[in-house]
Amino acid sequence: MSKDMKKLATLKLAAMGCHIQITLNIAKWGTPYSQAVIDQKIDLLTIEAQQRLARWEHIFSRFDETSELMILNNHTDQWTEVSAELFEVLGRAIYFVAKTQGLITPTLLKPLWAAGYKQSFETLPKMSTPSVPVMTSSAAVNRIPCLQDTPITNNPNHKVHDIQCRRLANGQHQVYLPAGMALDLNGYVKGWCAMQLADYISRSHDWQLPCLVDMGGDMAIGVPINQALDNAIDNPVAWGVAIAKPYGADGEHMQNDQDVAILSLKSGAVATSGQDYRRWWHEGRWQHHLIHPHYSRPAISDVLTATVVAADTVTAEVYAKYCVLLGVTEAMVWLNKHHIAALLIDTNNQVLLSTAIEPKLIKPSLAVI
């Protein structure tokens with residue numbers, strides 16, 4: 001094992017329908033601890049991470065009728081007590097509605113159900129030869145005549161601001177969900193969990209280790225406080241984050257093991273969203289999980305995948321989805337206007353870079369798809 005590899009330890013877990021990998025920089029353990037002690041410490045941290053993930057899954061799962069989220073969804077038109085965690089994530093979800101022109105909203109559970117996403121993704125029907133749609137325009141593709149093309153009138157997806165949240169004097173959190181509305185917080189939750197774990201391991205835990213948490217493509221970097229200060233003696237760890245090629249028709253990454261790009265990041269987060277992987281067969285057509293709220297159906301877009309770098313994983317995940325729904329042309333204009341670092345791959349497998357991401361790329365920067 002190389003000297004650099006000995007500085008890293010990896011935890012692999014599964015929760016919330018995704019594979020989770022936590023990479024720890026354990027360089028400071030090298031001298032005072034034996035390998036047996038290091039292994040024991042890693043086992044303890046694995047158990048702690050599993051316990052936190054199990055708690056969060058029971059709060060946010062939409063596949064468990066006893067979860068806190070589903071209890072809220074089943075008790076509309078009344079005030080319902082919720083945990084501080086659900087209260088926080090819902091608040092962030094509502095915040096991003098205005099930031100994304102209403103396109104990214106937490107009120108899309110019923111359209112997801114209508115598209116056939118009523119059970120864990122691993123159990124959804126797949127066919128052996130899916131075809132990714134090839135589009136030639138940007139957001140206008142959602143206006144191409146097709147089934148379900150007419151925007152829905154009195155669409156509950158547009159009534160997110162009718163949700164009310166309040167914190168009582170005794171510290172209790174309550175949410176009022178309007179009748180007819182159902183929440184899906186999964187996209188926000190993965191990013192939120194990644195940041196929570198990264199902050200816990202690097203700042204709240206006694207060990208305060210630099211780390212990289214990957215929650216199914218939502219990645220958060222944990223930086224210990226003693227490395228985050230302006231006058232820090234120790235520099236933050238630089239992590240290499242690979243942007244993989246999209247998934248192909250067989251559900252595997254496209255041929256050629258070379259990644260599309262590699263980023264060098266010392267802090268913050270990165271997330272990828274797209275219509276290439278989380279897809280299934282329902283009612284004679286391919287569906288995916290990125291619902292267009294105006295039409296209550298999976299969006300049609302010329303963006304196959306979008307990867308965004310941001311200060312936190314929730315922001316990165318939301319903006320990545322937003323880019324897919326906008327389409328290539330509008331997304332690139334928006335990204336450059338707001339100086340957001342991003343890499344898009346369109347449905348013709350062309351790679352597009354925002355100006356802000358170029359300084360974060362490790363050269364050689366791009367691979368041919």
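For clarity, every value in this text was computed on a predicted model and none was experimentally measured. All residue numbers refer to positions counted from 1 along the written sequence of the respective chain. Predicted model: local features are reported for residues with pLDDT of at least 70 only, side-chain atom pairs are reported and counted for 80 or more only, and whole-chain, interface and lining totals are derived from all residues. Each side-chain value is derived from all of the structure's non-hydrogen atoms; neither hydrogens nor water enter the calculation.

A few words on the sheet that holds strand β16 (residues 341-346). Read from one edge to the other, the open sheet built from 8 strands follows the order β1-β2-β6-β7-β10-β15-β16-β17, with strand pairing classed as antiparallel. What marks the edges here is a single partner per strand, and that holds for β1 (8-15) and β17 (351-353). Neighbour-to-neighbour, the strand axes of the sheet open up by a mean angle of 10°, direction not taken into account. Strands β1, β2 (18-25) and β6 (211-215) of the sheet are contacted by helix α2 (residues 35-60), whose axis makes an angle of about 30° with β1. Contacting β2, β6, β7 (218-222) and β10 (269-274), helix α6 (residues 186-204) runs over the sheet at an angle of about 20° to β7. Pairs of strands are assigned from DSSP output, requiring at least two bridges between the strands. Only DSSP runs of H or I reaching four residues or more are called helices, and only runs of E reaching two or more are called strands; each is numbered from the N terminus. To obtain an axis, a line is fitted to C-alpha atoms, over the contacting stretch when the element is a helix, and the angle between two such axes runs from 0 to 180 degrees between their N-to-C directions. Residue contacts follow a heavy-atom distance rule, with two residues in contact if any of their heavy atoms lie within 4.5 Å.

The next subject is unusual backbone geometry. Trans peptide bonds make up most of the peptide bonds, and negative phi angles are found at most residues other than glycine. Positive phi is not limited to glycine here, since Met16 has a value of about 55°. Counting through the fold element by element, Met16 comes out in the loop between β1 and β2. The buried label applies to any residue whose accessible area, calculated with a 1.4 Å probe on protein chains only, is under 20% of its type's maximum; exposed applies above 50%, and partly exposed to all values in between. According to the relative accessible area criterion, Met16 is buried, its value standing at 12%. One non-glycine residue with positive phi stands out, namely His339, at about 55°. Along the polypeptide, His339 turns up in the loop between α9 (328-337) and β16.

Mapped onto the elements of the fold, Thr307 is located in strand β15 (residues 303-310). Here a polar contact means two N or O atoms within 3.5 Å. Within protein one must be a hydrogen donor candidate and the other an acceptor candidate, and residues neighboring in sequence count only if both atoms are side-chain atoms. Among the polar contacts listed, one links the side chain of Thr307 to the side chain of Thr272, at a separation of 2.7 Å.

The next thing to look at is the sheet that holds strand β4 (residues 164-167). Strand pairing within a sheet occurs via backbone hydrogen bonds; the two strands may be parallel or antiparallel. Pairing is antiparallel across the open sheet formed by 3 strands, whose spatial order is β3-β5-β4. Edge positions in the open sheet fall to β3 (79-82) and β4, since each of these has one partner strand only. Recorded for the sheet is a direction-independent mean angle of 30° between the axes of neighbouring strands. Pairing analysis gives 4 bridges linking β3 to strand β5 (residues 173-176), with the strands arranged antiparallel. Each residue of the ladder has a partner; that of Glu81, found in β5, is Gln174.

Helix length check: helix α8 (residues 313-326), at 14 residues, gives a terminal C-alpha distance of 20 Å against a target of 20 Å (1.5 Å per residue), a fit within 8%. Counting buried positions over the 14 residues of α8 gives 14, a clear majority of the element. How far a helix is expected to stretch is found by multiplying one less than its residue total by 1.5 Å.

Interpretation note: all reported values are geometric properties and have no functional meaning in isolation.
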